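Coordinates in review
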Amino acid sequence: MMMMMISSGRRALFLLQSSRLILSARAFTPSLVSQAFQPGKSFLPSSHTFSSTKLSPLPMANTIMDGEEDPYIWLEEVESPESIAFAESANAKCLAELGDPSETETYKRVLTALQSDERIPHVRMLGYEKDTRDMLLYNFWRDANSPKGIWRKTTMQQYQSADTEWITVLDLDKLAKEEDISWVWKGYTALPRSLDSQSGGPMGRVTRVLLNLSRGGADATYLREFDLLTESFVDVENDDGFSLPEAKTRASYKSRDVLLVGADTGEDSMTSSGYPRTVREWKRGTKIEDAPIVFEGEKTDVSCGQYLLDESDREGGDVYEVQSRSISFYDRYTYVKKQSDDTFTKLAIALNTGVSFYGRWMMIRVKADWEPEDNGSDKTFKSGSFLYVDAGSFIEFSKAKADGDEDAIKNFNLEYHVLFEPTATTSYSGYSATKSYLIVYILDDVKEQLTFYKLGEGGGPFVQVGGDEQGQIRSVSASPVDSKTSDLIFQTTSSYISPSKLVLADANKIGTDDYMVSELKSLPEMFDSSGLEVSQQFATSKDGTRIPYFMIHKKGMKLDGSIPTLLYGYGGFEVSLGPRYVTSVGISWLERGGVYVEANIRGGGEYGPQWHQQALRENRNLCYEDFIAVGEHLVESKVCTPQTLACRGGSNGGLLTGNMLVQAPDLFQAIHIAVPLLDMKRYSKLLAGASWMAEYGDPDTDDWENFLHKYSPYHNIDVSRDKYPNVLVTTSTRDDRVHPAHARKMVKKLWDEGQDKEWPVYYYENIEGGHGGASDSRQEAFMTSLSYDFMWRALTNALPRKE
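This report concerns the structure included in the present document. (Residues numbered from 1 in each chain as written. Predicted model: local features only at pLDDT ≥ 70, side-chain atom pairs only at ≥ 80, totals over all residues. Heavy atoms only, no water.)

**Re the overall build of the protein chain**
- When you go through the protein chain residue by residue, the secondary structure sums to 16 helices and 38 strands.
- Expected size for 803 residues packed as a compact globule is a radius of gyration near 28 Å; at 26 Å, the protein chain falls within 12% of this value.
- Taken over the C-alpha atoms alone, the protein chain extends approximately 75 × 60 × 60 Å along its principal axes.
- Long-range contacts, defined as pairs at least 24 residues apart, comprise 63% of the intrachain contacts of the protein chain with a sequence gap of at least 6.
- Measuring between centres, the 86 positive side-chain charges of the protein chain sit 2 Å from its 116 negative side-chain charges. (Helix = DSSP H or I, 4+ residues; strand = E, 2+ residues; numbered from the N terminus. Rg over C-alpha atoms; globule rule 2.2 N^0.38 Å. Contact = heavy atoms within 4.5 Å. Lys, Arg positive; Asp, Glu negative; His and termini not counted. Charge placed at Lys NZ, Arg CZ, Asp CG, Glu CD.)

Quick look at the structure:
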């Protein structure tokens, strides 16, 4: 499910843009160098008390207890006086015992790194200047002078210079002050040039975008149309600008004056998961409530969506209109209509198959073995394969399947082309597309490699033309500069201890000395990595499965168990963890002499769909067993002992570390549980929880008794234990994805049941930040300092003794 978490520029093989549905791992991995919703978001407020910032109320939980009593259910009312009082009191207690993080050296150095002018300003190309034909590049930037951020622009010529000159397009700090709202940037959707009569064509420019602005960092956003020519919001009253109130809205342009919108328009317009159930075709100058519904799903679905994809600029391509109805987190019905078609056709693919389009081709990611009787050929395609087929032919085959026309079905012998087929150690992880090239990303034992394919003559099949010979321990992104007109790419590389480097490259020159056009930007070393090395190790899980993990440590470290070691994991939603520059860990952990470890446990996507599917629902225990196996391997290898081992995870990773608390408390000295799921009996009733039942199971069925109760940390606190490890739990009041009640209730229960016991539990709740836990760099630095200093002090016997 996690294509959207891959580096910017890769195409997602999902028909519904669902990045906000996920329990994000990348929001909680510890790199602090990127400016997007990437690793390293932390979870503390800039002030240490709850403010009176204007924020709209968050949804209340369904408080029906289904016959079961929960004495802490009152904490599910997000902003009730009692809940806020609990959080305020807990925050004050936490800071009184652990100290003010903003006064520490860790805070100062992390904040300096976050606000450094030497960070790489990653850009998106939005067209060409009219007179010079130079590319227009846009970047969102936060620093000490603009903590909320500015949206700014430059040209490619300027971007290639050492001292880039920027022009501010929108100042979010100024807007927040003028409107007295704590705005948080959530990105935008551009009006494609091909759909805009005023853009000037392929060599023109994007003229308008739909901005998404959030109050305090919640997933729910306000939609406001912005004009890039006047660099101002399109006036709603005088110019019929598109604008929508706060909701988990999905919107894209069908034309300059028509949107395809999924929005909260009243009763039954949203699913039980809190996402759009209907799609309306909204014409400029009309009311959204009067816009006709053109597509809809069921109340029990996760979401539905519709969008337009113009591939007519590539030979043999077309304009594809796509509808997607997600009936669970992974399963969806997909319908497609070409520009010349009168009606949509339901694609004859498995529900968990991902598709997208490139020219005349339909790109397909298979997540279960695809048999000949289902695919219209004489071949079987393995789960995890990445292939393509003529889109028009496949749509006709799908029509025959939908009509039940057996004679027509028998006459099909579709020609599929396989770009990747998995092996025991390799998996597909995404692709980027330029005007004429596909760049396919492959993991080989979690080491990344790129393969380049060029579109054949006349829009024909792709031909492999180059790429990496083997995987490397690094992160690499090859993002198209302009996928419609150019084969230039922005290529970014980094590793755990090598800072990010951005170059401009030409896919036409792959394999030659001229591939790199110019070095654009380089991040300087943000921490001292001299003497550090990265190694990959493997642990053996309880069922015999080989579990890889990366370890960053000092060369020649003494294996006597004395080194403070931090183990990070996620293990869910087919999210792959892997090498990237970890500024926060470098400053807060590695420079102190600690060891940092990332575990590639099942539930993730490191070895493709099967690696994820092995740990779903009743088999969820496998990802916890894998994580424990890595921890035990570190101890057996004498890297650390249980007294010098900590673990950290957020969101789904918070469920992971919550289970470490109740399943393996003697393996860890400290645990950080961030924005977590913890109450698996009621998770499906809290905010977006219903959308994750395909991952975890349905607690309102026999799933609860059969397996869910076994990995619900909230229900597995052992009152007979005299001692638990040191625990820090953090969350955000404004998190409208994972309900803050998970953290609140767990902490309150631990406090109540742990009286007169050695159960050291600390809690901090941020009023802003949403699911990322922080809405500006000061909050990120604050949380980084709080969490890493807590874990380091716990492993070095420097924590204050809790009464």
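Still more to cover.
**Notes on the sheet that holds strand β13 (residues 278–283)**
- What the 4 strands build is an open sheet, ordered β11-β12-β13-β14; its pairing is antiparallel. Because the sheet does not close on itself, it has two edges, and the strands there are β11 (250–255) and β14 (293–296). Ignoring which end each strand starts from, the neighbouring axes of this sheet average 20° apart.
- Pairing geometry for strand β12 (residues 258–262) and β13, over 4 bridges, is antiparallel. Each bridged residue has a counterpart across the sheet, and for Leu260 the counterpart in β13 is Glu281. (Pairing = 2+ DSSP bridges. Axes fitted to C-alpha atoms, helices over the stretch in contact; angles between N-to-C directions.)

**Remarks on helix α4 (residues 172–179)**
- Residues Leu172, Asp173, Leu175 and Ala176 constitute the buried set of α4. One face of α4 carries all of its buried residues, which in axial projection span an arc of 165°. Among the exposed residues of α4, those oriented more than 90 degrees off its buried face are Lys174, Lys177 and Glu178.
- Structurally, α4 contributes buried residues whose contacts are with β3 (135–141), β5 (167–171), β6 (183–190), β7 (208–215), β8 (221–227) and β9 (232–233).
- Backbone nitrogen of Asp173 and a side-chain oxygen of the N-cap are separated by 3.0 Å at the start of α4; the cap is Asp171.
- Two residues or fewer past α4, Asp180 is found with a positive phi of approximately 55°. (Buried < 20%, exposed > 50% of the residue type's maximum accessible area, 1.4 Å probe, protein only. Arc of directions from axis to C-beta. Polar contact = N/O pair within 3.5 Å; in protein donor to acceptor, adjacent residues only side chain to side chain.)

**Here we look at the pattern of salt bridges**
- Applying the stated criterion to the full structure yields 40 salt bridges.
- Measuring nitrogen to oxygen at the nearest pair gives 2.8 Å for the salt bridge that ties Asp666 to Arg721. Taken together, the residues span a long stretch of sequence, with Asp666 in the loop between α12 (652–663) and β36 (670–674) and Arg721 in the loop between α14 (703–706) and β37 (726–732) at a distance of 55 residues.
- Accessibility expressed as a relative area gives 58% for Asp666, which makes it exposed.
- Here the residues in one salt-bridge network are Asp70, Glu76, Asp679, Arg682 and Lys745, joined through shared partners. (Salt bridge = Lys/Arg side-chain N within 4 Å of Asp/Glu carboxyl O.)

**Describing the packing of aromatic side chains**
- In total, this model carries 43 aromatic pairs according to the counting rule given.
- Ring centres 4.8 Å apart and planes at 65° place the aromatic pair Tyr724 and Trp759 in the edge-to-face group. A residue pair is termed long-range when its members are at least 10 positions apart, and Tyr724 in the loop between α14 and β37 and Trp759 in the loop between α15 (741–753) and β38 (761–766) qualify at 35 residues.
- Among the aromatic residues, those joined into a ring-pair cluster are Tyr138, Phe140, Trp151, Trp185, Tyr188, Phe226 and Phe233.
- Sitting over the ring of Trp141, Arg119 keeps its end group 3.9 Å from the ring centre. (Phe/Tyr/Trp six-rings, centres within 6.5 Å; stacked < 30°, edge-to-face > 60°. Lys NZ or Arg CZ within 6 Å of the ring centre and 35° of its normal.)

**A few points about the packing of helix α11 (residues 621–636) against α12**
- Taken N-terminus to C-terminus, the directions of α11 and α12 make an angle of 70°; their axes are 10 Å apart at the nearest point. Considering the angle they form, α11 stands roughly perpendicular to α12. Mapping the contact onto sequence places Cys623, Tyr624, Phe627 and Ile628 in α11 and Leu655, Leu656, Asn659, Met660 and Gln663 in α12.
- Across the contact of α11 with α12, the residue classes tally to 7 nonpolar, 2 polar and no charged. (Parallel < 35°, antiparallel > 145°, perpendicular 65-115°, else oblique. Nonpolar A, V, L, I, M, F, W, Y, C, P; charged D, E, K, R; others polar.)

**Remarks on the sheet that holds strand β21 (residues 386–390)**
- Here we have 4 strands laid out as an open sheet, ordered β19-β20-β21-β22, and antiparallel in their pairing. Only two strands of the sheet have a single neighbouring strand rather than two, namely β19 (354–358) and β22 (417–420). For this sheet, the mean inter-axis angle between neighbouring strands, taken without regard to orientation, is 25°.
- As defined by bridge partners, β19 adjoins strand β20 (residues 361–365) across 5 bridges and the pair is classed as antiparallel. Residue pairing across strands places Tyr358 opposite Trp361, the latter belonging to β20.
- Helix α7 (residues 391–403) contacts β19, β20 and β21 of the sheet and is inclined by roughly 85° relative to β21.

**Details of the packing of helix α2 (residues 105–114) against helix α16 (residues 777–795)**
- Running from N to C, α2 and α16 cross one another at 140°; their axes reach a closest spacing of 8 Å. Comparing the axis directions of α2 and α16 gives the class oblique. When the axes of α2 and α16 are compared, the crossing they make is right-handed. Here α2 contributes Thr106, Tyr107, Val110, Leu111 and Leu114 to the contact with α16, which in turn contributes Ser777, Arg778, Glu780, Ala781, Phe782, Thr784, Ser785 and Asp789.
- Grouping the constituent residues of the contact of α2 with α16 by class yields 6 nonpolar, 4 polar and 3 charged. (Left-handed = near helix turned anticlockwise from the far one by under 90°.)

**Things to note about the nonpolar core**
- Membership of the largest hydrophobic core comes to 127 residues, with the highest contact counts inside it found for Phe490, Phe668 and Tyr696.
- Take this core: its biggest share by element is 10 residues, from α16.
- In contact with Phe668, not counting residues within four places along its chain, are Leu567, Phe627, Pro642, Leu645, Ala646, Cys647, Met660 and Pro725.
- Ranked by size, the runner-up nonpolar core spans 25 residues in total, among them Tyr307, Val336, Ile395 and Phe397. (Core = buried A, V, L, I, M, F, W, Y, C linked by side-chain atoms within 4.5 Å.)

**Thoughts on the side chain of Arg280**
- Looking at where Arg280 falls in the secondary structure, it is placed in strand β13.
- Buried charge without a partner: Arg280 forms no salt bridge, and the closest opposite charge is Asp290, 7.0 Å away.
- At 3.5 Å, the side chain of Arg280 and the side chain of Thr265 are in polar contact.
- A polar side-chain atom of Arg280 sits 3.3 Å from the main-chain carbonyl oxygen of Glu289.
- In contact with Arg280, not counting residues within four places along its chain, are Leu259, Leu260, Val261, Thr265, Ile288, Glu289, Ala291, Pro292, Ile293 and Val294.

**A short note on the side chain of Ser483**
- Inspection of the secondary structure assignment puts Ser483 in the loop between β27 (475–480) and β28 (488–494).
- Its relative accessible area of 19% is what places Ser483 among the buried residues.
- The contacts of Ser483, once residues within four sequence positions are left out, are Arg314, Ala433, Thr434 and Lys435.

**With respect to the state of the cysteines**
- One pass over the full model with this rule turns up 0 disulfides.
- Free of any disulfide, Cys623 has its nearest cysteine sulfur in Cys647, 13 Å distant.
- Among the residues examined, Cys623 registers a relative accessible area of 1% and is labelled buried. (Disulfide = S-S within 2.5 Å.)

**Quick look at unusual backbone geometry**
- Positive phi is not limited to glycine here, since Asp180 has a value of about 55°.
- The residue Asp180 is located in the loop between α4 and β6 in this model.

**With respect to the pairing of strand β25 (residues 447–455)**
- Across the 9 residues that make up β25, a large majority, 7, are buried.
- Judged from the 8 bridges that link them, strand β24 (residues 437–444) and β25 form a sheet pairing that is antiparallel. Bridge pairing in β25 places Leu443 opposite Glu448.
- Two successive antiparallel strands, β24 and β25, enclose a turn made up of 2 residues, where Asp445 displays a positive phi of approximately 50°.
- Looking at chain direction, β25 and strand β26 (residues 462–467) are connected through 5 bridges and run antiparallel. Bridge assignment links Phe452 to a residue of β26, and that residue is Gly466.
- A loop of 6 residues connects β25 with β26, the two strands running antiparallel in sequence, and Gly458 in this loop sits at a positive phi of about 65°.

**Side note on α15**
- With 13 residues, α15 extends 18 Å between its outermost C-alpha atoms, agreeing within 8% with the 18 Å of an ideal straight helix rising 1.5 Å per residue.
- Among the 13 residues of α15, 10 are classified as buried, and the element is accordingly described as predominantly covered.
- Among the residues of α15, Ala741, His742, Ala743, Arg744, Lys745, Met746, Val747, Lys749, Leu750 and Trp751 are the ones counted as buried.
- Where α15 is buried, its residues touch α1 (81–98), α12, β37 and β38. (Expected span 1.5 Å × (residues − 1).)

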